[in-house]
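An overview of the molecular structure
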Amino acid sequence: MSGFIVDIPECPSLADYEAVAHLAPSVDRLRARAGSVVDRLRGRTVWMVSSTAQGGGVAEMLPTMVTLMNELAIDTRWFVIETDQQPFFHLTKGIHNLIHGAGDPQVVAGDARDVYEAVNADNATTLMSHMKDGDILVAHDPQPMGLAGPLRKDLDIHTVWRCHIGLDEENDATRAAWRFLEPYGDDYEQSVFSADEYVPDSFRDRSRLIYPSIDPLSDKNRELHLHSVVGILSNAALSVPPGPVVQPPFAHIAERLQADGLWAPAVLPADIGLLIRPIVTQISRWDRLKGWLPLMQGFVELKERFFSPRRNDRSAIERRRLNQVRLVMAGPDPSSIQDDPEGLEVIEELRAAYVDLDDEMKHDIVMIALPMENRSNNALMVNALQRSSTVVVQNSLREGFGLTITEAMWKRIPVLSNTRAVGPRQQIEHACDGWLVDDPEDPSQIAEALDYLLNDRAERAALARTAQRRAHNQFMIFSQLRSWFDLLEDLVA
């Protein structure tokens, strides 16, 4: 089994963005910048290569990037590497964790290099049949990094490695990862990182910084009117319909962890209350580095503080708010991540922690599995969940960038994250664009921050306004593409 060219799903066109008043100036600047790049790249194809066509920020960004680049007359295609060799997935997940400073360095020992090179060589053979001299390879993250060497043996191509992850400190884990990857890095003329702190010494003299971005018209980020939010939540079984809905239920619905540890439709045993209750939401992969367990513990502490007889300083509205608030923790359906053994382990750990909660707390903490079969419906569920939230949390211990933060900022939902992870720090200035705690593993800090944000409506509104402005100015697809055009033009000049 080897890779394939992705059939890009239908995406918004430049005309669609121009039709939105506050996006039109960004489109004008993008068109102007593309002019000279088109002449430079004429006759060349830009190949974006990743390890998956769905799930994660890279797979979400590439369809829009590829679509808009082609509309601007820059021939661009998306290739996904494939293999049926399970050790490759264990290895690359291990490398991902090592770059984040976690995991066992032995994951890159033994026959790891043989496994890695064999899979990349197999995919390079497939990709080579589509490429020609002068083309540009852009490999995203460690999984396809090994493609450049085999391709350059037979083709005269330009090469860029785009790394979406990193850590702003060095330890045994990070050193092991970069030692393993360094030989493959030698085959790349340029590299792209999301933060200066992430750039290893081996790439220091040939690196650029480009922020990831969101597509404001994608299903995950486009504006949803009230009826749409209610309809999506109802069709996904995330909310009990208040009456008849026009659209039929989704073929695959969201499921909720039940008190007995089994999964059932998310409206069971009763409506979550997304349309009426204060809601704290985190939506991420099931990954230990996302800080799921400390978030759950922090929410439990928040509730326990409220019920403490020592806390008699609450107003009536604050007491009602803290009594009614619920935590929603949402991630991909376990059946869709069978190739991610760590993700399945994290789900089991959270399931065990949930089952141990008292009955009252089980009602207030909601663990949701979002179906992945239909990408559009999944994105709409995420959109509706975020728009139903009072506060969006991204409690990552490590975070390369964190587009879930950007998504909430764009939707004017206040965000709680932390200073430990570089990605949140790049997007959020504390008490300006969002709220940051110092330690994402300290439940008390999480509880204190949630208490403050939930009970200060004016502060939430102020954070939301400035957050949306910053997302608009810095983290839209248009600014990312302009940065890529600068790089590509310099690469072939």
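Residues numbered from 1 in each chain as written. Predicted model: local features only at pLDDT ≥ 70, side-chain atom pairs only at ≥ 80, totals over all residues. Heavy atoms only, no water.

Once that is clear, we can look at the overall build of the protein chain. Check the secondary structure of the protein chain and you find 18 helices and 15 strands. The principal-axis extents of the C-alpha atoms in the protein chain amount to approximately 70 × 55 × 40 Å. A burial count over the protein chain gives 59% of its 493 residues as buried. Put simply, of all contacts in the protein chain between residues at least 6 apart along the chain, 72% involve residues at least 24 apart. (Helix = DSSP H or I, 4+ residues; strand = E, 2+ residues; numbered from the N terminus. Buried < 20%, exposed > 50% of the residue type's maximum accessible area, 1.4 Å probe, protein only. Contact = heavy atoms within 4.5 Å.)

A few words now on the nonpolar core. Of all hydrophobic cores here, the largest spans 55 residues; its most connected members are Val46 and Phe485. By residue number, the principal contributor to this core is helix H18 (residues 477–492), which donates nine residues. With near-sequence residues (within four places) excluded, Phe485 lies in contact with Leu30, Arg33, Ala34, Val37, Met69, Leu72 and Ile74. Membership of the second largest hydrophobic core comes to 42 residues, among which are Leu91, Ile95, Leu151 and Ile165. (Core = buried A, V, L, I, M, F, W, Y, C linked by side-chain atoms within 4.5 Å.)

Negative charge collects at one region of the surface, where Glu304, Asp358, Asp359 and Glu360 lie side by side. We classify Asp359 as exposed; its relative accessible area is 58%. (Patch = residues over 30% accessible without salt bridge, like charges linked within 9 Å, V, L, I, M, F, W, Y side chains within 5 Å. Areas by Shrake-Rupley, 256 points an atom, 1.4 Å probe, with all protein chains shown as cover. Salt bridge = Lys/Arg side-chain N within 4 Å of Asp/Glu carboxyl O. Lys, Arg positive; Asp, Glu negative; His and termini not counted. Charge placed at Lys NZ, Arg CZ, Asp CG, Glu CD.)

This part takes up the sheet that holds strand S6 (residues 190–193). The mixed open sheet is built from seven strands, whose spatial order is S1-S3-S2-S4-S5-S6-S7. Strands with a single pairing partner mark the edges of an open sheet, and in this sheet they are strand S1 (4–5) and strand S7 (207–209). (Pairing = 2+ DSSP bridges.)

What follows is about helix H14 (residues 403–410). Burial within H14 is extensive, with eight of its eight residues counted as buried. For H14, the complete set of buried residues consists of Leu403, Thr404, Ile405, Thr406, Glu407, Ala408, Met409 and Trp410. Two residues or fewer after H14 comes Arg412, characterised by a positive phi angle close to 60 degrees.

All chains considered together, the criterion is met by 29 salt bridges. We note a salt bridge from Asp490 to Arg208, for which the minimum N-O separation is 2.6 Å. Residue Asp490 is found in helix H18, and its partner Arg208 is found in strand S7; the two are separated by 282 residues along the sequence. Judged by its relative accessible area of 45%, Asp490 is partly exposed.

This part takes up the pairing of strand S2 (residues 46–50). In terms of burial, S2 is a largely internal element, five of the five residues being buried. Alternating residues of S2 divide into Val46, Met48 and Ser50 and Trp47 and Val49, and every residue in both groups is buried. Each parallel crossover has a hand, and the one from S2 via helix H3 (residues 57–71) to strand S3 (residues 76–80) is right-handed. As paired elements, S2 and strand S4 (residues 136–140) share four bridges and run parallel to each other. Residue Val46 lies in a different strand from S4, and its bridge partner there is Ile136. (Right-handed = clockwise from strand over helix to strand, strands pointing away.)

Burial along strand S14 (residues 415–418) is two-sided: the face carrying Val415 and Ser417 and the face carrying Leu416 and Asn418 are both buried. As defined by bridge partners, strand S13 (residues 391–393) adjoins S14 across two bridges and the pair is classed as parallel. The residue bridging Val392 from the neighbouring strand is Val415, located in S14. What joins S13 to S14 is H14, and the crossover it makes is right-handed. As paired elements, S14 and strand S15 (residues 435–437) share three bridges and run parallel to each other. Counted as the bridge partner of Asn418 is Val437 from S15. Once the chain exits S14 it traverses helix H15 (residues 422–427) before rejoining the sheet at S15, and the crossover so formed is right-handed.

What follows deals with the side chain of Glu342. Among the secondary structure elements, Glu342 is positioned in helix H11 (residues 341–355). Residues in contact with Glu342, not counting those within four places in the same chain, are Lys93, Asn97, Trp286, Asp287 and Arg288.

Further remarks concern the environment of Ser51. Looking at the secondary structure, you find Ser51 in the loop between S2 and H3. For the pair Ser51 and Phe89, spaced 38 residues apart in sequence, the C-alpha separation works out to 9.9 Å. Not counting residues up to four positions away in its chain, the partners in contact with Ser51 are Val80, Ile81 and Gln143. Polar contacts involving the side chain of Ser51 include one to the side chain of Gln143, which spans 3.3 Å. (Polar contact = N/O pair within 3.5 Å; in protein donor to acceptor, adjacent residues only side chain to side chain.)

Geometrically, the link from Leu268 to Pro269 is a cis peptide bond, its omega value of 5 degrees lying close to zero. With respect to the helices, strands and loops of the structure, Pro269 is situated in the loop between strand S9 (263–265) and strand S10 (279–283). Backbone geometry at Asp141 places phi at a positive 70 degrees, although glycine is not the residue there. Here Asp141 shows up in the loop between S4 and helix H6 (148–154). The phi dihedral of Ala237 is positive, around 65 degrees, even though this residue is not glycine. The topology assignment puts Ala237 in the loop between helix H8 (226–235) and strand S8 (255–257). Overall, Ala237 belongs to the buried group, its relative accessible area being 11%.

Moving on, we come to the packing of H3 against H18. Helices that pack against each other are described as a pair by the angle of their axes relative to one another and the distance between those axes. Running from N to C, H3 and H18 cross one another at 65 degrees; their axes reach a closest spacing of 11 Å. When the axes of H3 and H18 are compared, the crossing they make is right-handed. In this structure, H3 uses Met61, Thr64, Met65, Leu68 and Met69 to contact H18, whose residues at the interface are Ile477, Gln480, Leu481, Trp484, Phe485 and Leu488. Residues belonging to the contact of H3 with H18 are distributed by class as follows: nine nonpolar, two polar and no charged. (Axes fitted to C-alpha atoms, helices over the stretch in contact; angles between N-to-C directions. Left-handed = near helix turned anticlockwise from the far one by under 90°. Nonpolar A, V, L, I, M, F, W, Y, C, P; charged D, E, K, R; others polar.)

Right, let's get into the packing of aromatic side chains. Any two aromatic rings considered together are summarised by their centre-to-centre distance and by the angle between their planes. In this structure the tally under the stated criterion is 15 aromatic pairs. Ring centres 6.1 Å apart and planes at 80 degrees place the aromatic pair Trp161 and Trp178 in the edge-to-face group. Of this pair, Trp161 sits in strand S5 (residues 158–162) while Trp178 sits in helix H7 (residues 172–185), and the two are 17 residues apart along the sequence. The buried category is assigned to Trp178, whose relative accessible area is 15%. Among the aromatic residues, ring-to-ring pairing joins Phe88, Phe89, Tyr116, Phe180 and Tyr184 into one connected group. (Phe/Tyr/Trp six-rings, centres within 6.5 Å; stacked < 30°, edge-to-face > 60°.)

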